[in-house]
Amino acid sequence: NMMVYIIINILGVEVAERFAYYGISCNLVMYMTEQLGQSTATAAENVNTWSGTASLLPLLGAFVADSYLGRYCTIIIASCIYILVRISLSSSLGYV
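(A) Structural detail: the packing of aromatic side chains. Following the criterion strictly, the structure yields three aromatic pairs and no others. Between Phe63 and Tyr68, the ring centres sit 5.9 Å apart and the planes meet at 80°, which makes this aromatic pair edge-to-face. By relative accessible area, which is 63% here, Tyr68 ends up exposed. Members of the aromatic cluster, connected to one another through ring pairs, are Tyr21, Tyr22 and Trp50.

This is the structure in structure tokens:
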């Protein structure tokens, strides 16, 4: 059934997104200060900007979904972009 596939896809993407977000946010200030040489204040500002942007982008997705593409099409397109970015980041770091 197509609806079961869609629901499994949505749940899988949500779980992966939560793991990625919290996994990155836990270590981001430390990475920015130790590896990138930023001050603690600058690193905290950058992490807050990243967190705020990540929190507000669903509003843009909702607008696109409601106005142009429909919710399922938007979720599938966003999921594909998400997977491509993750593969790109992983391959640039030598994990793939």
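Structure's up, so let's keep going.
(B) Inspection of the packing of helix H1 (residues 2–34) against helix H2 (residues 40–69) at higher detail. Where H1 meets H2, the axes come as close as 8 Å, and the angle between the chain directions of the two elements is 155°. Here H1 lies roughly antiparallel to H2, going by the angle between them. Considering the relative orientation of H1 and H2, their crossing is right-handed. Every residue of H2 that contacts H1 at Tyr21, Ile24, Ser25, Leu28, Val29, Met32 and Thr33 is listed here: Thr40, Ala43, Ala44, Asn46, Val47, Trp50, Ser51 and Ala54. When grouped by side-chain class, the residues that make up the contact of H1 with H2 number 10 nonpolar, five polar and no charged.

(C) Quick look at a nonpolar patch on the surface. Where nonpolar side chains cluster on the molecular surface, the patch consists of Leu57, Leu60, Phe63, Tyr68, Leu69, Ile77, Ile81, Val85 and Leu89 and spans about 890 Å² of accessible area. When contributions to the nonpolar patch are tallied by element, the ones reaching two or more residues are H2 and helix H3 (71–92). Considering every element that reaches the nonpolar patch, the biggest residue donor is H2, with five residues.

(D) Up close: the pattern of salt bridges. A full pass over the atoms with the stated rule returns two salt bridges. For Arg18, the salt bridge is made with Glu14, and the minimal N-O distance between the two is 3.6 Å. Placement of both Arg18 and Glu14 in helix H1 is noted, with a separation of four residues, approximately one turn of the helix. When its relative accessible area of 37% is taken as the criterion, Glu14 is described as partly exposed. Ionic pairing is found between Glu17 and Arg18, a salt bridge with its closest N-O pair at 3.2 Å. Three or more residues are tied together by salt bridges with common partners; here these are Glu14, Glu17 and Arg18.

What counts as what
Residues numbered from 1 in each chain as written. Predicted model: local features only at pLDDT ≥ 70, side-chain atom pairs only at ≥ 80, totals over all residues. Heavy atoms only, no water. Phe/Tyr/Trp six-rings, centres within 6.5 Å; stacked < 30°, edge-to-face > 60°. Buried < 20%, exposed > 50% of the residue type's maximum accessible area, 1.4 Å probe, protein only. Axes fitted to C-alpha atoms, helices over the stretch in contact; angles between N-to-C directions. Helix = DSSP H or I, 4+ residues; strand = E, 2+ residues; numbered from the N terminus. Parallel < 35°, antiparallel > 145°, perpendicular 65-115°, else oblique. Left-handed = near helix turned anticlockwise from the far one by under 90°. Contact = heavy atoms within 4.5 Å. Nonpolar A, V, L, I, M, F, W, Y, C, P; charged D, E, K, R; others polar. Patch = residues over 30% accessible without salt bridge, like charges linked within 9 Å, V, L, I, M, F, W, Y side chains within 5 Å. Areas by Shrake-Rupley, 256 points an atom, 1.4 Å probe, with all protein chains shown as cover. Salt bridge = Lys/Arg side-chain N within 4 Å of Asp/Glu carboxyl O.

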